[in-house]
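# Examining the three-dimensional arrangement
Residues per chain are reported as follows:
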Amino acid sequence: MDIDNSLKVGSNEMELVDFRIFKQEEGRVYEGIYGINVSKVREIIKLPKLTDLPGTPEFIEGIFDLRNVVIPVVNLAKWMKIKQPEDMEKSSRVIITEFNNVLIGFIVHEAKRIRRISWADIEPASFMSSSSSLEGNKITGVTKIEGDNVLLILDLESVVQDLGLYEPDTQFDNTEIESFSGLALVLDDSSTARKIVKEALMNMGFDVLEAIDGEEGLQKLNELHEIYGEKIAKTLKIIISDVEMPKMDGFHFAANVKEDGRFTDIPIVFNSSISDHFSEGRGVEAGGEAYLVKFKASSFYKEVARIVRAHMK
């Protein structure tokens, strides 16, 4: 499966790997349609021979060596507590992912195709967050595809956190934090991620405004301009934006900001779980002054201080 890195910055589109998980229930087989951002996919391979890891949860099928890198492999059906049809192993694939600088494999029953989808067509899955099912709690977005089917975007990062393979690094030395004043704007559809970034910025002395996606971010900027006018860049010192957000992603948001003369001088920093170099390059092209991988406190404080200082001159 070829992975296309030709998306234009500011296009407000994403590419998803469409994969399937089949569920056996009351004598019938149901097909679940899921997706993951191509930017988080290293490659897709046939199910390799795995080495068992005693004492790990049932959904960890084992580990294997991929070009001298040991990669844990998670069975998504088991993680989602889905009873899978027999003999699915024959056609199963492993999606090798990388996010937050962690490599991990996910067993899926079928990898279908790559889809290019507008973020405007992806709805937040907030209506599913109250679901008591594991599957309902792990969906970050939904979009309609052909045949009135619905594709669910899975929150695979939460698996990594469930496994204890990744935890945000929020440790810092108080004596190394520079103090600033003024406002900072944080964009992220994850309330957990926003909380981490907000607390870090408040530690630096900023008052923090929050937005859940690029559309709301632009709305907040317009509201601030009504208050501060041409002095907005003297008050709003920095914008910290996630990349993956329903309705309007971080790159499209940044492109809009940089094309608007009222906001050109406000620096933007991307803070994302996507840790590939291509996305980092797209961040620079979109007008970002830094691209940080969630979340390492020391790097965050250092880069934010450097950028805010540079714009104070």
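Residues numbered from 1 in each chain as written. Predicted model: local features only at pLDDT ≥ 70, side-chain atom pairs only at ≥ 80, totals over all residues. Heavy atoms only, no water.

Attention now moves to the overall build of the protein. Along its length, the protein carries 9 helices and 16 strands. A compact globule built from 313 residues should have a C-alpha radius of gyration of about 20 Å, and the protein, at 21 Å, falls within 12% of that. On the principal axes, the C-alpha backbone points of the protein span a range of 65 × 45 × 35 Å. In the protein, which comprises 313 residues, the proportion classed as buried is 50%. A total of about 15500 Å² of accessible surface is found on the protein, and carbon and sulfur atoms cover 46% of it. Charged side chains of the protein number 37 positive and 53 negative; the gap between the two group centres comes to 1 Å. (Helix = DSSP H or I, 4+ residues; strand = E, 2+ residues; numbered from the N terminus. Rg over C-alpha atoms; globule rule 2.2 N^0.38 Å. Buried < 20%, exposed > 50% of the residue type's maximum accessible area, 1.4 Å probe, protein only. Areas by Shrake-Rupley, 256 points an atom, 1.4 Å probe, with all protein chains shown as cover. Lys, Arg positive; Asp, Glu negative; His and termini not counted. Charge placed at Lys NZ, Arg CZ, Asp CG, Glu CD.)

Attention shifts here to the packing of aromatic side chains. Counted by the stated rule, this structure contains 6 aromatic pairs. With a centroid separation of 5.9 Å and 25 degrees between ring planes, the pair formed by Phe19 and Tyr34 is classed as stacked. With Phe19 in strand β1 (residues 13–25) and Tyr34 in strand β2 (residues 28–37), the pair connects residues that are 15 residues apart, well separated along the chain. Like Tyr34, Phe19 is buried. A connected cluster of aromatic rings, assembled from ring pairs, spans Phe251, Phe270 and Tyr291. (Phe/Tyr/Trp six-rings, centres within 6.5 Å; stacked < 30°, edge-to-face > 60°.)

Turning next to helix α5 (residues 214–228). Spanning 15 residues, α5 covers 21 Å between terminal C-alpha atoms, matching the ideal 21 Å at 1.5 Å per step. Residues of α5 that are buried: Gly214, Gly217, Leu218, Leu221 and Leu224. Around the axis of α5, the buried residues are gathered within 120 degrees of arc, so they sit on the same side. Looking at α5, the residues exposed on the side facing more than 90 degrees away from the buried face are Glu226 and Ile227. At its buried positions, α5 is contacted by β12 (183–187), β13 (207–211), α6 (232–235), β14 (236–241) and α7 (250–259). For α5, the capping residue at the N-terminal end is Asp213, with a side-chain oxygen 3.0 Å from the backbone nitrogen of Glu215. Once α5 ends, the next one or two residues include Gly229, with phi positive near 55 degrees. (Expected span 1.5 Å × (residues − 1). Arc of directions from axis to C-beta. Contact = heavy atoms within 4.5 Å. Polar contact = N/O pair within 3.5 Å; in protein donor to acceptor, adjacent residues only side chain to side chain.)

Core analysis: the biggest nonpolar cluster contains 53 residues, and Phe19, Leu76, Leu201, Ile240, Phe300 and Val304 have the highest contact counts within it. Membership of the second largest hydrophobic core comes to 24 residues, among which are Leu185, Ala254, Ala286 and Tyr291. (Core = buried A, V, L, I, M, F, W, Y, C linked by side-chain atoms within 4.5 Å.)

Read across the sheet, 5 strands follow the order β3-β6-β7-β5-β4 without closing on themselves; strand pairing throughout is mixed. With partners counted over all chains shown, the strands left at the sheet margins are β3 (41–46) and β4 (60–66), one partner each. Strand-to-strand twist of the sheet, defined as the mean angle between neighbouring strand axes without regard to direction, takes the value 30 degrees. Of the strand pairs in this sheet, β3 and strand β6 (residues 93–99) are connected by 5 bridges, and their pairing is antiparallel. In the sheet register, Ile45 faces β6, and the bridge partner there is Val94. (Pairing = 2+ DSSP bridges. Axes fitted to C-alpha atoms, helices over the stretch in contact; angles between N-to-C directions.)

Quick look at the pattern of salt bridges now. What the rule picks out here adds up to 19 salt bridges. Here Glu98 and Arg42 are joined by a salt bridge, their closest N and O atoms 2.9 Å apart. With a gap of 56 residues between them, Glu98 in strand β6 and Arg42 in strand β3 connect regions that are remote in the sequence. Residues Glu146 and Arg115 are paired through a salt bridge, measuring 2.7 Å at the closest nitrogen-oxygen approach. (Salt bridge = Lys/Arg side-chain N within 4 Å of Asp/Glu carboxyl O.)

What follows is about the sheet that holds β14. Taking strand neighbours across the sheet as the criterion, the 5 strands line up as β13-β12-β14-β15-β16 in an open arrangement whose pairing is parallel. Looking at which strands have only one partner, the edges of the open sheet turn out to be β13 and β16 (290–293). Averaged over all pairs of adjacent strands, the angle between their axes in this sheet comes to 20 degrees, without regard to strand direction. In this sheet, β14 lies alongside β12 in parallel orientation, the contact comprising 5 bridges. By the bridge assignment for β14, Leu185 is matched with Ile239. The strands touched by α7 are β12, β14, β15 (268–272) and β16; relative to β15, the strand with the most contacts, the crossing angle is about 180 degrees.

Both β1 and β2 contribute to a ladder of 10 bridges, which runs antiparallel. Paired with Gln24 across the strands is Val29, a residue of β2. Bridging between β2 and strand β11 (residues 150–154) involves 2 bridges; their strand directions are parallel. Residue pairing for β11: Gly35 is matched across the bridge by Ile153.

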